[in-house]
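Given next are the chains, with one letter for each unit.
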Amino acid sequence: ADTVEDEMEMATVRHRPEALELLEAQSKFTKKELQILYRGFKNECPSGVVNEETFKEIYSQFFPQGDSTTYAHFLFNAFDTDHNGSVSFEDFVMGLSILLRGTVQEKLNWAFNLYDINKDGYITKEEMLDIMKAIYDMMGKCTYPVLKEDAPRQHVETFFQKMDKNKDGVVTIDEFIESCQKDENIMRSMQLFENVI
Amino acid sequence: MAAGVAAWLPFARAAAIGWMPVANCPMPLAPTEKNKRQDELIILNVSGRRFQTWRTTLERYPDTLLGSTEKEFFFNEDTKEYFFDRDPEVFRCILNFYRTGKLHYPRYECISAYDEELAFYGILPEIIGDCCYEEYKDRKRENAERLMDDNDSENNQEGSMPSLSFRQTMWRAFENPHTSTLALVFYYVTGFFIAVSVITNVVETVPCGTVPGNKELPCGERYAVAFFCLDTACVMIFTVEYLLRLFAAPSRYRFIRSVMSIIDVVAIMPYYIGLVMTNNEDVSGAFVTLRVFRVFRIFKFSRHSQGLRILGYTLKSCASELGFLLFSLTMAIIIFATVMFYAEKGSSASKFTSIPASFWYTIVTMTTLGYGDMVPKTIAGKIFGSICSLSGVLVIALPVPVIVSNFSRIYHQNQRADKRRAQKKARLARIRVAKTGSSNAYLHSKRNGLLNEALELTGSTEDEQHMTKGTSLIESQHHHLLHCLEKTTGLSYLVDDPLLSVRTSTIKNHEFIDEQLFEQNCMESSMQNYPSSRSPSLSSHHGLTTSCCSRRSKKTTHLPNSSVPATRLRSMQELSTIHIQCSEQPSLTTSRSSLNMKSDDGLRPNCKAAQITTAIISIPTPPALTPEGESRPPPPPPPPPGSPGHSTNISTATTTSNIVKVSAL
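Remember, it's a predicted structure, so these values are computed and weren't measured experimentally. (Residues numbered from 1 in each chain as written. Chains lettered and ligands numbered in written order. Predicted model: local features only at pLDDT ≥ 70, side-chain atom pairs only at ≥ 80, totals over all residues. Heavy atoms only, no water.)

### Here's the deal with the sheet that holds strand β2 (residues 49-54) of chain B
All names here are of chain B. Inclusion rule: Only strands that DSSP links by at least two bridges are regarded as paired with each other. The way it works is that DSSP assigns letters per residue, a run of H or I at least four long becomes a helix, a run of E at least two long becomes a strand, and they are numbered from the N terminus. Contacts are assigned to residue pairs that have any heavy atoms within 4.5 Å of one another. In this analysis an axis means a line fitted to C-alpha atoms, helices contributing only their contacting stretch, and an angle means the value between N-to-C directions, from 0 to 180 degrees.
Reading across from one edge, β2-β1-β4-β3 is the order of the four strands in this open sheet, with mixed pairing throughout. The strands lining the two open edges of the sheet, one partner per strand, are β2 and β3 (75-76). Direction of pairing for strand β1 (residues 41-46) relative to β2: antiparallel, over a ladder of six bridges. Bridge pairing links valine 46 to arginine 49 in β2. Against the sheet, helix α4 (residues 88-100) touches β1 and β2, its axis set at about 5 degrees to β2.

### Describing the UniProt feature "domain: EF-hand" (unreviewed entry) in chain A
Residues and elements named next belong to chain A. Formally: UniProt positions are given in the numbering used here, feature names are shortened, and annotations may be inferred rather than shown by experiment.
Mapped onto this structure's residue numbering, the UniProt feature "domain: EF-hand" (unreviewed entry) falls at residues 67-102, 103-138 and 151-186. Here residues 103-138 is 72% helix and 8% strand, with 28 Å between the C-alpha atoms at its ends. The span residues 151-186 is 72% helix and 8% strand, and its two end C-alpha atoms sit 21 Å from each other.

### Things to note about a nonpolar patch on the surface
Here is the rule: Distance thresholds for patches are 9 Å for like charges and 5 Å for nonpolar side chains (Val, Leu, Ile, Met, Phe, Trp, Tyr), applied to residues having over 30% relative accessible area and no salt bridge. All accessible-area figures derive from a Shrake-Rupley calculation using a 1.4 Å probe, and residue coverage is judged against the displayed protein chains alone. By salt bridge we mean one thing: a side-chain nitrogen of Lys or Arg within 4 Å of a carboxyl oxygen of Asp or Glu.
On the surface, Ile379, Ile383, Phe384 and Ile387 of chain B cluster together to form a nonpolar patch covering roughly 380 Å² of accessible area. For phenylalanine 384 of chain B, the position within the fold is in helix α17 (residues 379-397).

### Quick look at the side chain of asparagine 201 of chain B
All names here are of chain B. Put simply, the test is: Buried, partly exposed and exposed residues are distinguished by accessible area as a fraction of the type maximum, computed with a 1.4 Å probe on protein chains only: under 20%, between the cut-offs, and over 50%, respectively.
Locating asparagine 201 in the fold gives a position in helix α8 (residues 181-204). We classify asparagine 201 as buried; its relative accessible area is 15%. Sequence-distant contacts of asparagine 201, that is, excluding residues within four places in its chain, are made with Arg294, Val295 and Arg297.

### Side note on the packing of aromatic side chains
Any two aromatic rings considered together are summarised by their centre-to-centre distance and by the angle between their planes. Filter applied, for reference: Any two of the Phe, Tyr and Trp rings considered here, Trp counted by its six-membered ring, make a pair once their centres fall within 6.5 Å; the pair's planes then place it as stacked at under 30 degrees, edge-to-face at over 60, or tilted in between. Note on criteria: charge over ring means Lys NZ or Arg CZ within 6 Å of the ring centre, with the direction from the centre no more than 35 degrees off the ring normal.
Inspection of the entire model under this criterion finds 49 aromatic pairs over all chains. Measuring from ring centre to ring centre gives 6.0 Å for tyrosine 59 of chain A and tyrosine 71 of chain A, while their planes differ by 35 degrees; the resulting arrangement is tilted. With tyrosine 59 of chain A in helix α4 (residues 52-60) and tyrosine 71 of chain A in helix α5 (residues 69-79), this pair connects stretches of sequence that are 12 residues apart. Summarising the burial analysis for this pair, tyrosine 59 of chain A and tyrosine 71 of chain A share the class buried. Where phenylalanine 84 of chain B meets tyrosine 121 of chain B, the ring centres are 5.9 Å apart and the plane angle is 65 degrees; that geometry is what we call edge-to-face. Of this pair, phenylalanine 84 of chain B sits in strand β4 (residues 81-84) while tyrosine 121 of chain B sits in the loop between α5 (111-120) and α6 (130-158), and the two are 37 residues apart along the sequence. Across the pair, exposure class does not vary: phenylalanine 84 of chain B and tyrosine 121 of chain B are buried alike. Directly above the aromatic system of phenylalanine 160 of chain A lies the positively charged group of lysine 125 of chain A, at a separation of 5.5 Å from the ring centroid. Against the face of phenylalanine 238 of chain B rests lysine 300 of chain B, its NZ or CZ located 4.7 Å from the ring centre.

### Overview of unusual backbone geometry
Phi is positive for histidine 83 of chain A, close to 50 degrees, though the residue is something other than glycine. Tracing the chain through its elements places histidine 83 of chain A in the loop between α5 and β2 (86-88).

### Notes on the pattern of salt bridges
Oppositely charged side chains can form a pair if their charged atoms are brought close together. Applying the stated criterion to the full structure yields 24 salt bridges over all chains. When the shortest N-O distance is used, the salt bridge between glutamate 52 of chain A and lysine 56 of chain A registers 3.5 Å. Of this pair, glutamate 52 of chain A and lysine 56 of chain A both sit in helix α4, four residues apart, roughly one helical turn. One salt bridge connects aspartate 115 of chain B with lysine 140 of chain B, and the closest N-O pair in it is separated by 3.4 Å.

### As for the side chain of serine 358 of chain B
All names here are of chain B. For the record, the criterion: Any N or O atom pair separated by 3.5 Å or less is treated as a polar contact, with the protein-specific requirement of one donor-capable and one acceptor-capable atom, and with residues adjacent in sequence counted only for side-chain atom pairs.
The topology assignment puts serine 358 in helix α16 (residues 355-366). A distance of 2.9 Å separates the side chain of serine 358 from the backbone oxygen of serine 354, its partner in a polar contact. Once residues lying within four places of it in the same chain are set aside, the contact partners of serine 358 are Ala337, Phe341, Phe352 and Met374.

### Considerations on the environment of cysteine 208 of chain B
Residues and elements named next belong to chain B. Inspection of the secondary structure puts cysteine 208 in strand β5 (residues 207-211). Separated by 11 residues in the primary sequence, cysteine 208 and cysteine 219 have C-alpha atoms spaced 5.3 Å apart. With near-sequence residues (within four places) excluded, cysteine 208 lies in contact with Leu217, Pro218, Cys219, Arg222 and Tyr223.

### Some points on the nonpolar core
Definition in use: By nonpolar core is meant a set of buried Ala, Val, Leu, Ile, Met, Phe, Trp, Tyr and Cys residues that side-chain atoms within 4.5 Å join together.
Core analysis: the largest hydrophobic core is formed by 75 residues, its most contacted members being Tyr59, Phe63, Leu75, Met128 and Phe176 of chain A together with Trp19 of chain B. Setting aside its immediate chain neighbours within four residues, phenylalanine 176 of chain A contacts Leu108, Ala111, Phe112, Tyr115, Phe159, Met163 and Val171 of chain A together with Pro21 of chain B. Among the nonpolar cores identified, the runner-up in size contains 27 residues, and Ile42, Leu58, Phe84 and Val90 of chain B belong to it.

### With respect to the interface of chain A and chain B
What counts is decided by this rule: Two parts placed together each lose some accessible area; with a 1.4 Å probe, that loss summed over both constitutes the buried area. Under the convention adopted here, Pro, Cys and the residues Ala, Val, Leu, Ile, Met, Phe, Trp and Tyr are nonpolar, Asp, Glu, Lys and Arg are charged, and Gly plus all remaining residues are polar.
At the junction of the two partners, chain A supplies 56 residues and chain B supplies 60 residues. Taking both sides of the interface into account, the surface hidden between chain A and chain B amounts to around 5100 Å²; carbon and sulfur atoms contribute 68%. Considering only the surface of chain A that becomes buried against chain B, Phe62, Tyr144 and Phe193 of chain A emerge as the three largest contributors, covering 17% of it. Our enumeration of links across chain A and chain B arrives at zero salt bridges. Counting across the interface, chain A meets chain B through four residue pairs in polar contact (both at pLDDT 80 or more). Here the side of chain A that touches chain B is built from residues that sort into 40 nonpolar, 10 polar and six charged.

This is the structure in structure tokens:
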């Protein structure tokens, strides 16, 4: 009997987001932008929350040629700030607010948080390798040049050479931010998606 | 991309910031929204019923009527709404398609009306969702068959066929007796003779009267001559008919192999064999056996009876079920026959002389016939005999109705499953094409975008007009996202060339212009230097250079659909590996020179020398670079012949932004 009720509860989970004014105050979006965001959000997730499966499904629609499930998993964890297994509209908006309207510092912080899989404040080579493989997976099989086996690893090496200042094998948040701020490309590309909404 | 998911594109793009710190090369610029309108409600008035939706909802599918500028033709200035003089009921489904991304087929709707509406709004029926697709296809097929039948009967009634050859007329007459009176006469005559033949075969064996000598003779022997004459007449008619059909058949080989013709041959063969054969005692036995085959003439009736044909077809298609029934029966028979044989072995004068002899008993008992010609005498035999008869009831009587109903159920299900499988295959193929189409669209738009910019650079306005068919904003944003991913990983999407060339065919008429343009650009920019920090961007456009260069070679070799030769790709590989290395050494001169040198190694024999230059990607460069522009980097040997006016273009390079003058390799 318990399981049946539990199942019913799970099926009818509804989540209503906080009031529009509150969200407007908390995030850096205008009311209209929030309206547009919510309409799209609610369309795909009528129940008001995104679970990881739906998240992966949605994200994979943008990358038909490759396998984006791993990266979507990391992304999901990055958005699910309270780690309760689902992304509500508030989480969604807060994440987007940082990515689209935040300062460069905040964006870099977010990226660091994405790479730091176990959220311990350090990016290790293994974590970076996982992320890198996930990104390369998204490209799929039909690429040119053909993806070599150790391409992700090499990429990680490059990354660590650039970021790991004291060569201790891990990248801390300060090293990360410092290195990124020195790199023109990265700085410029951070501004790339300003006008997305 | 599904409709609703398009709303998540901003999220996907924002999440791309996660790739930025990892990427080795700079990202392409985002597409700007030329006229960013605030999302507005638009009113669609369909025969008086007003529907309202957001403009962006409709723009999700830019290749339909409502999603493109085609709807402007229906804009009513006075009432500021779009008026469509169409069915509002079906429009509901169509609008829901835009909203939810799924197109449903309402069952109450007429299939042809629905098709017309879909065609009007520019929506492909293949998009219909899984829930409704089967129904849609079924009804469409039904309708098509009905129309076909109608057409056929119409044609027949008309009777005025375009000039068919005599042979074709004959074949039509044979297949469809209602086409002409002669055919009808022929049809009835053959039918009559078939009946006569069958009846004579039957009557031949009836004893009719006695002959002096007190011997009962069958009619066949009494009136032998009469029967022989009848037989001859029938066989002559059948032979003539067969030969005529053989002559008229469009495909004689197929006709000979068909079932009906085999029946025909088998029906008339015995007579001829009988004619040929002598009255030898040895062979007369075989000859008598052959006469049995005359009964096959009755199957000739199946040409005259639609029902017989359907029955035959049904049996043929239920053959597997019947076969299984037979097989299980055989198993049971063998089991029980063996048991009965060993049980009755002991008793004397037992009829169960062998296992095959027991088969007869088992069959008769299991089918509850019980002739009584073989009965078990021992107790064990009687016990097993009763078990046999009981199980016979179970084995035969029970499954038969189930099997009979299974026949129709499985038969229809099989048909539907096969249908669904075939449809699914076709649909999956289409979906795959659409998927690759989307990535093709990306490569294509990459090309288009760069061509656009190249055209803009040279200021040829007439070419610009050709390129006005741009992609929607969502598409361009999606492509930009994919482009960023390419840049991050240093790889590039590879697509089968035939599809790409299909797309390039749309701009075939610009091919010539493009080449001229590119040659022009290459000549101009042959001695250009380029801002150092942009050196790694070469690989981003090697996909483009691949396509345009391969097209160039295609022009010379006249192979429009050849896939990119592997040799060409190798040069790209060199370039792309270069760029990864380059990024690690951001010093100006070394990267530039190394790129220069490497690009020379990448000379390919097919390309003309004039086109081998370095790619120039300008970005909003700080003015500090202009002094550097004066000093020329080591020119790529061999220097393009007569490269004029290169110095004048340096200024243009710095002022123009985001233009890729693509040099080919």
